Amino acid sequence: MRAIVVDSARARPEVREVVEPTAPAGGVVVRVLATGMCRSDWHAWAGHDDIAFPHVPGHELAGEVAAVGPGVERWQVGDRVTVPFICGCGTCGWCRAGEAQVCPHQQQPGFTHWGSFAAYVALHAADTNLVALPAWLDFATAASLGCRFATAYRALVRRARVTPGEWVTVVGAGGVGLSTVMIARALDARVVVVDRNPEALDAARRLGAEAALLADGTDIPVAVADLTGGGSHVAVDAVGSEQTCADAVMSLRRRGRHVQVGLLPPVDGHPRVPMARVIAWELDLLGSHGMAASDYPGMMALIEDGSLQPQRLVERTIGLEAAAALLPEFDTAKVSGMTMVDPTR
Ligand SMILES: [Zn+2]
Ligand SMILES: [Zn+2]
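Read on for a plain summary of the structure. Within any chain, residue numbers begin from 1 and follow the written order of that chain's sequence. To label them, take the chains in the order written and letter them from A, then take the ligands in the order written and number them from 1. Local features are withheld for residues below a pLDDT of 70 in this predicted model, meaning they are given only at 70 or higher, and side-chain atom pairs are given and counted only at 80 or more; totals for whole chains, interfaces and linings count all residues. Water and hydrogen atoms play no part in the side-chain values, which are based on all heavy atoms of the structure.

1. Observations regarding the overall build of the chain
Heads up, the condition is: Counting from the N terminus, the helices are DSSP H or I runs at least four residues long and the strands are E runs at least two residues long. Radius of gyration here is computed from C-alpha atoms only, and the compact-globule reference equals 2.2 Å multiplied by the residue count raised to the power 0.38. Relative accessibility thresholds used throughout: buried, under 20% of the residue-type maximum; exposed, over 50%; partly exposed, between the two (1.4 Å probe, protein chains only). What makes two residues a contact is simply this: any of their non-hydrogen atoms within 4.5 Å. For accessible areas, the Shrake-Rupley method is used with a probe of radius 1.4 Å. Any residue's cover is judged against the shown protein chains and nothing else. Counted as positive: Lys and Arg. Counted as negative: Asp and Glu. His and the chain ends are not counted at all. Think of each charge as sitting on NZ of Lys, CZ of Arg, CG of Asp or CD of Glu.
For the chain, the helix and strand inventory stands at 11 helices and 15 strands. Taking 2.2 N^0.38 as the reference for a compact globule, 345 residues should give roughly 20 Å; the C-alpha atoms of the chain span a radius of gyration of 20 Å, in line with that estimate. Across its three principal directions, the C-alpha atoms of the chain cover 60 × 40 × 40 Å. The burial tally for the chain puts 54% of its 345 residues in the buried class. Pairs at least 24 residues apart make up 68% of the contacts formed inside the chain by residues separated by at least 6 positions. Entry remark: accessible area of the chain is about 14600 Å², with carbon and sulfur atoms responsible for 51%. The average position of the 29 basic charges and that of the 37 acidic charges among the side chains of the chain differ by 4 Å.

2. Considerations on the pattern of salt bridges
What counts is decided by this rule: Between Lys or Arg on one side and Asp or Glu on the other, a salt bridge is scored when a side-chain nitrogen of the former is within 4 Å of a carboxyl oxygen of the latter.
Under the definition given, this model contains 13 salt bridges. For R255, the salt bridge goes to E282, with nearest N and O atoms at 3.4 Å. One end of the pair, R255, is in strand β12 (residues 252-260); the other, E282, is in the loop between α9 (275-280) and β13 (284-287), and 27 residues separate them in sequence. Through salt bridges with shared partners, one network takes in E99, R154, R158 and D295.

3. Let's talk about the coordination of the zinc ion (ligand 1)
A metal bound by six donors in octahedral fashion has ideal angles of 90 or 180 degrees, whereas one bound by four tetrahedral donors has an ideal angle of 109.5 degrees. Threshold: Metal-coordinating donors are taken as N, O and S atoms lying within 2.8 Å of the metal, or within 3.2 Å when the metal is Na, K or Ca; because water is left out, some sites can appear incomplete. Donor angles set the geometry label: tetrahedral for four donors if every angle is between 85 and 135 degrees, square planar for four and octahedral for six if opposite donors exceed 155 degrees and the others are between 65 and 115, irregular for anything else.
Within the protein, the zinc ion (ligand 1) binds to C89 (SG), C92 (SG), C95 (SG) and C103 (SG); these donor distances fall in the range 2.3 to 2.4 Å. Coordination geometry of the zinc ion (ligand 1): the 4 donor atoms subtend angles of 102 to 115 degrees at the metal centre, consistent with an arrangement described as tetrahedral. Overall, the relative accessible area of 7% leaves C95 in the buried class. Residue classification places C103 among the buried residues on the basis of a relative accessible area of 2%.

4. Considerations on the side chain of S232
Mapped onto the elements, S232 comes out in strand β11 (residues 232-237). Beyond its immediate sequence surroundings of up to four residues, S232 is in contact with W167, V168, T169, V224, S251, L252 and R253.

5. Looking at the packing of aromatic side chains
Definition in use: Any Phe, Tyr or Trp ring, taking Trp's six-membered ring, that has another such ring centre within 6.5 Å forms a pair; planes under 30 degrees apart are called stacked, those over 60 apart edge-to-face, and the others tilted. Distance and angle both matter: a charge sits over a ring if NZ of Lys or CZ of Arg is within 6 Å of the ring centre and within 35 degrees of the ring normal.
Within this structure, the stated rule accounts for 1 aromatic pair. When the centroid spacing of 6.3 Å and the interplanar angle of 45 degrees are considered together, the rings of W42 and W45 count as tilted. In this pair, W42 and W45 are both assigned in helix α1 (residues 39-45), 3 residues apart and thus about one turn of the helix distant. The pair formed by W42 and W45 is uniform in burial state, with each residue classed as buried. The residue whose ring lies beneath R80 is F139, and the NZ or CZ to ring-centre distance is 4.7 Å. Between the NZ or CZ atom of R277 and the centre of the ring of W281, over which it lies, the distance is 3.9 Å.

6. Observations concerning the side chain of H113
What counts, and what does not: Polar contacts here mean pairs of N or O atoms no more than 3.5 Å apart (in protein, one a potential hydrogen donor and the other a potential acceptor; neighbouring residues in sequence count only if both atoms are side-chain atoms).
Assignment of secondary structure puts H113 in the loop between α2 (93-96) and β6 (120-123). A polar atom in the side chain of H113 sits 3.2 Å from the side chain of T112. Reaching out from H113, the side chain makes a polar contact with the backbone oxygen of A122 at a distance of 3.0 Å.

7. What to know about the environment of L286
With respect to the helices, strands and loops of the structure, L286 is situated in strand β13. With 29 residues separating them in the primary sequence, L286 and R257 have C-alpha atoms 7.3 Å apart. Sequence-distant contacts of L286, defined by excluding residues within four places in its chain, comprise R159, A160, R257, H258, V259 and Q260.

8. Some details on the packing of helix α4 (residues 139-159) against helix α5 (residues 175-186)
Heads up, the rule is: Axis definition: a line fitted to C-alpha atoms, limited for helices to the stretch in contact. Angles are taken between N-to-C directions and run from 0 to 180 degrees. Angle categories are assigned with fixed cut-offs, so that under 35 degrees is roughly parallel, over 145 is roughly antiparallel, 65 to 115 is roughly perpendicular, and the rest are oblique. Helix crossings get a hand from a simple test, with the near helix turned counterclockwise from the far one by less than a right angle marking a left-handed crossing and a clockwise turn marking a right-handed one. Classes in brief: Ala, Val, Leu, Ile, Met, Phe, Trp, Tyr, Cys and Pro nonpolar; Asp, Glu, Lys and Arg charged; the others, Gly included, polar.
Orientation of α4 relative to α5, taken along the N-to-C sense of each, is 50 degrees, at an axis distance of 8 Å. In terms of orientation, α4 lies oblique with respect to α5. Like other packed secondary-structure pairs, α4 and α5 cross with a definite hand, here right-handed. Contact residues: R148, F149, T151, A152, Y153 and L156 in α4; G175, V176, S179, T180, M182, I183 and A184 in α5. Counted by class, the contact of α4 with α5 contains 8 nonpolar, 4 polar and 1 charged residues.

9. A look at helix α6 (residues 198-206)
The condition that has to hold: Arc, as used here, means the arc of the directions from the helix axis to the C-beta atoms.
Of the residues making up α6, those classed as buried are A200, L201, A203 and A204. Across the axial projection of α6, the buried residues extend over an arc of 160 degrees, all falling on one side. Set apart from the buried face of α6 by more than 90 degrees, the exposed residues are E199 and R206. Of the surrounding elements, those touching the buried residues of α6 are α5, β9 (190-195) and β10 (211-214). Residue N197 occupies the N-cap position of α6, its side-chain oxygen lying 2.8 Å from the main-chain nitrogen of E199.

Here it is, written out as C-alpha cells:
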C-alpha cells in the first residue's frame, strides 16, 4: 500500500509502498478515506514522542472496514467508521465503564503503531473503539472529529458541564481552541477568546466568539472580568503554558471551572498554578484527555441538528504527496483551518 513513511526523527517524509497491515485479534483494518493533519503529527515526526521508526503518522481518520480480526463481534467488512485518537484496550475496568480515554493500556494510531497517512490502518479493540458513521455524515467531517472536536466536546460537556448562557473563556484559537469555540456556541454558551494572533481571533469571531482579546500584554483576567460581569463560568487553556493556564484560571468567577486541555509537559519542572485563588474562590481544576467512542453520540447529535458544523474548519484537502511535503513545516506553516488528507488521491 502507499503510505507516508518517516525513517527517523526529522527525516524527510516519503510516500512509498509498504506492506499492508493485517487485522489484529479483536481489531480491524480500515481503508482510510479521509485523515486530518494536526500538530501532534508534527511532534511525532520531530521525535518528541516515544516512537519506533520507520513510522507512519496520522491519527484523525474515517474510512471503511477492510478486514476483521478474530473475536470482533460488532463490525463487518464495508462498515463506514471513525475512531477517537485514543483507543482503549477494551478489557480493563475503565474501558468497560466507557472511559477508554484514560485506559492504562491505550493505543494511539500514528504514535504507538503505524497511523492513517496510508491507504490502510490497523485499529485495536474494535468493539470498544470504533464508531459507526450515520449515512448523513461524510468521511472528511467524521475524520475532523477524532482529535480536536472530540477533545473540545469532552472538555466542555463531560468535564466542565457547560450550560446555556454561561460564559466560556477559551485561551488559544488554534485547532483545539477554535473547536472549543464552536462546541461552546453549539451549547448556547457565550464565548470570550484570547490569542496572540489577530487573524486567529478573527477566525474565532466568525465561528461565534462574542468577544476577542489580543494577548499583547493586556491584563487578560481583568479584561475578561469587565466583559463578563465578574469573570467567566468556565475557562479552557487550549495552549498549554504556565502563562495561558494562569490567565485562564484567573479569568474565572467564584466557583468557576477550569479545564486544562493544552499539554503542559514538565520540561522545566511542574508549572506554577495560582492555587491561592483556586482555594479562596473554590475553583474546580479539571484535566481532559481526548474522548472515548462512548461520548460520540452526543457530539453527533449536535452535528445532526445543525448546531455544530465541523466541516467549517476544513480548509483544504490534499493527497499523500502534498501531505508528506507539508508535514515538516506544519509547526510553522501559517495554515488556518484544518488540512484533510485523502490517501486515495
Ligand atoms: Zn482499557
Ligand atoms: Zn490530532
